[in-house]
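Observations on the model geometry
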Amino acid sequence: MIKKPIINDIISVFSYLPVSRKKQLIFLIFLMLISSSLEILTIGSVIPFLTALTSMETIKQENQFRVFFEYFGNLSNNNTILILFVCFAVLIIFTAAVRVLVLVLNARIGYGAGLDIDKDLFYKLSNQTYLDQIQTNSSTIISLISSKVGTVIRDVYISILLLINGLFLVLASTMFLIWLQPVATLIIICSFSLVYILISMYFKDKLKFNSKVISVESDRFVKIIQDARGGVRDIILNSLHSFYLNLFIETDLKLKKAFAANLIISGTPRYIVESIGMVLLLFLGYFFISNGNSLNSLIPIMGAIIIAIQRLLPQLQQIYTSISNLRASRASLIDVLDSLDKTVKKVSKKVNIDFSDALKFKNISFKYNENSNYVFKNLSIEFKKGDIVGITGPTGCGKSTLIDILIGHLSPIEGKYNIDNSELCINNISSWHEKVAHVPQSIFFTDASIYENIAFGKSLNNIDKERVHQVCNIAQISSYINILPHGYNTKIGERGALLSGGQKQRIGIARGLYKNAQVLILDEATSGLDLKTEEKLIDALNKLDKSMTIFMIAHRIESLKNCHYRINLSKDGTFEYINNLKPS
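Keep in mind it's a predicted model, so treat the numbers as computed, not measured. (Residues numbered from 1 in each chain as written. Predicted model: local features only at pLDDT ≥ 70, side-chain atom pairs only at ≥ 80, totals over all residues. Heavy atoms only, no water.)

Quick word on the pattern of salt bridges
Quick note on the threshold: Salt bridges are defined as contacts in which a side-chain nitrogen from Lys or Arg sits within 4 Å of a carboxyl oxygen from Asp or Glu. Counting from the N terminus, the helices are the DSSP runs of H or I reaching at least four residues and the strands are the DSSP runs of E reaching at least two. Summary of the burial criterion: residues with accessible area below 20% of their type's maximum are buried, those above 50% are exposed, and those between are partly exposed, where the area comes from a 1.4 Å probe applied to protein chains only.
Summed over the entire model, instances satisfying the criterion amount to 14 salt bridges. Of the charged contacts, one joins Glu-414 and Lys-377 as a salt bridge, the two residues approaching to 3.9 Å between their closest N and O atoms. With Glu-414 in strand S4 (residues 414-419) and Lys-377 in strand S2 (residues 376-384), this residue pair connects regions lying 37 residues apart in the sequence. Exposure remark for Glu-414: the relative accessible area of 33% places this residue in the partly exposed category. A network of salt bridges, in which partner residues are shared, links Glu-217, Arg-220, Glu-250 and Lys-254.

Considerations on the confidence of the model for the protein chain
Low pLDDT means the predicted coordinates in that region are not meant to be read closely. In plain terms, the rule: For every residue, the predictor assigns a confidence score, pLDDT, that lies between 0 and 100.
Looking at the protein chain, pLDDT values average 81 and 90% of them are 70 or higher. Here helix H4 (residues 56-60) is the element of the protein chain with the lowest mean pLDDT, 60, and S4 is the one with the highest, 91.

A short note on unusual backbone geometry
Positive phi, close to 55°, is recorded for Asn-363, a residue that is not glycine. Along the chain, the position of Asn-363 falls in strand S1 (residues 358-366). Notably, Gln-476 is not glycine yet its phi reads approximately 60°, a positive angle. Mapped onto the secondary structure, Gln-476 falls in the loop between helix H17 (465-474) and helix H18 (478-482).

Some thoughts on the nonpolar core
Worth spelling out the cut-off: As used here, the term nonpolar core means buried Ala, Val, Leu, Ile, Met, Phe, Trp, Tyr and Cys residues forming a set that is joined through side-chain atoms within 4.5 Å. Here, two residues are considered to be in contact whenever any of their heavy atoms come within 4.5 Å of each other.
In terms of nonpolar packing, the biggest core is built from 60 residues, with Val-13, Phe-14, Tyr-157 and Phe-192 touching the most fellow members. Breaking this core down by element, the ones donating at least two residues are helix H1 (6-15), helix H2 (19-44), helix H6 (77-126), helix H8 (138-180), helix H9 (182-230), helix H11 (241-290), helix H12 (295-328) and helix H13 (330-340). The element best represented in this core is H8, accounting for 14 residues. Those residues within four positions of Phe-192 in sequence are excluded, and the remaining contacts are Val-273, Ile-276, Gly-277, Leu-280, Ile-309, Leu-312, Leu-313 and Leu-316. Listed in part, the 40 residues of the second largest apolar core include Ala-437, Leu-499, Tyr-514 and Leu-537.

Digging into the sheet that holds strand S10 (residues 575-578)
In a beta sheet, neighbouring strands are held together by backbone hydrogen bonds and run either parallel or antiparallel to one another. Basically, it comes down to this: Here a strand pair is declared whenever DSSP counts at least two bridges between the two strands. In this analysis, axes come from line fits to C-alpha atoms, helices being fitted only over the stretch in contact, and the angle between any two N-to-C directions falls in the range 0 to 180 degrees.
Ordered by their spatial adjacency, 6 strands build an open sheet running S6-S7-S8-S3-S9-S10, and the pairing between neighbours is mixed. At either margin of the open sheet sits one strand with a lone partner, and together these are strand S6 (436-439) and S10. The average angle at which neighbouring strand axes cross in this sheet is 15°, direction not considered. With 4 bridges connecting them, strand S3 (residues 388-392) and strand S9 (residues 565-569) associate as parallel partners.

Examining the packing of aromatic side chains
This is how the line gets drawn: Aromatic contacts are taken between Phe, Tyr and Trp rings whose centres are within 6.5 Å, Trp giving its six-membered ring; a plane angle under 30 degrees counts as stacked, one over 60 as edge-to-face, and the others as tilted. Note on criteria: charge over ring means Lys NZ or Arg CZ within 6 Å of the ring centre, with the direction from the centre no more than 35 degrees off the ring normal.
Tallied over the entire structure, the rule returns 11 aromatic pairs. Through successive ring pairs, a cluster of aromatic residues spans Phe-361, Phe-383, Tyr-417 and Phe-551. Seen from the ring of Tyr-451, Lys-465 lies directly overhead, with NZ or CZ sitting 5.0 Å from the centre. Seen from the ring of Phe-456, Arg-511 lies directly overhead, with NZ or CZ sitting 4.5 Å from the centre.

Some remarks on the environment of Lys-377
What makes Lys-377 partly exposed here is its relative accessible area of 41%. In sequence terms Lys-377 and Phe-366 are 11 residues apart; their C-alpha atoms lie 6.7 Å from each other. Contact partners of Lys-377, with chain neighbours within four places excluded, come to Ile-364, Ser-365 and Glu-414.

Focus on the packing of H1 against H8
The line we're drawing: Small angles under 35 degrees read as roughly parallel and large ones over 145 as roughly antiparallel, with 65 to 115 read as roughly perpendicular and the rest as oblique. Put simply, Ala, Val, Leu, Ile, Met, Phe, Trp, Tyr, Cys and Pro go in the nonpolar bin, Asp, Glu, Lys and Arg in the charged bin, and everything else, Gly too, in the polar bin.
Remark: H1 packs on H8, axes separated minimally by 11 Å, with the N-to-C direction vectors making an angle of 100°. The angle between H1 and H8 falls in the class roughly perpendicular. Residues Ile-10, Val-13 and Phe-14 of H1 pack against Val-152, Val-156, Tyr-157 and Ile-160 of H8. For the contact of H1 with H8, a count of residues per class yields 7 nonpolar, no polar and no charged.

Here you go:
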């Protein structure tokens, strides 16, 4: 529930900007002040110009133009009007140029601030702990970065800048009108302000409701698309197209209705205020004429008032639209701020960690949250460097959790995990990750070439292609790749859609071997292979560097026959050490 004043959130989101961007914003606001001052000069210059057109003698008698006529001498009326026209035109063009510059800088600085937030947000979300990341729905993250940050850029940063610019211009126009006709100005400004205030109050709750709808349904929108793409096999098999289409339409309809309602709410006052403005101008004209003012004296004043109001109305509308956008984007803004508030553990000093002896669990305990049961309780075990370790156990006994602790993705809540004599911590974990390769049950692939998927995270120009060929030979996948029309440059589709299950596993193993790590973890990595291919692969792994430590998780005991020993985990957090598998 939204309780804090919106100004608090606005201050918070600007506080995340770097100092350089804040300096740019200060310069932009200064430029807005200059633009507003030029607006006053432009509107003010209308009066002498129109006075010169209607009554040259009147303008010659004005004290403020004495210097002008003394400088240019005794000019004809036509030449005087020409000089005033040129000065007026230059001022208008210069003012327009400054306004365009404000517009350009407004957009660039506003979207630049959005880039700052994007980078900060992506960094903080991608550097959360593994446990935090797996407990957050990916659709929420995608919606946050792809949609809600865009909303914050457009409806917060840009709107705030436009709001400030509008306020300066409204203030400038109002000051000039008060100087020219104070009573008429008060009537005009009070009338316009009253309309905007009443409409704003009337639609306040609706905008708040739409804000929440857009925030919630944006997450759901992304989730439906992800589910429909990820479950395409089951959707086709079970004829679920209509089911997902209806979910999509339902969510999209709510989003579009909310966006349409916001658009209507933000645009409605303009037409009402324009109508009131026209009526007020007609009334003022009638008022001046009925009070005995001559047409020649009325034209300059009415001309200036008309131009001032013509500048005033769009800015009032912009102020209202900006405030409406801020209210309509409030829920998305809060979601973004909540994510920006996430902390990232800082590495005080990167420390290298050596692995030459053993990995040691000393009375470690772990559970996923306070309300869940312990996966492990006071577990103590040691793995020597160069060991080939088989890990077995029933589903749900903690095999993958044990691996995640070994990698460093998860940290024990009690006990110690030492590599040799060094406890694994935030300062040395990056060094440890350099020494570990992991082939999970579900391997992630990008829609890129086989080269790029094996040398994952490296650009094509930086890939050691000879090494890719070597590890593919070991993984028993090179013969398949060599018969492909484009060989190792073949794209394998989104999430490896163009590969079979066994091919995915072998390319995943090749990726693990390419890293040339000291520890290789195979989590059910051969379950999709036939026995003959699996046997060739395991034989090839046995010929690798004998100092490499290998962990193999498998349900088939036959897959672990070349392991030095086996750790059989139980659901109660205990394990059985089986040492009868060491090869001769």
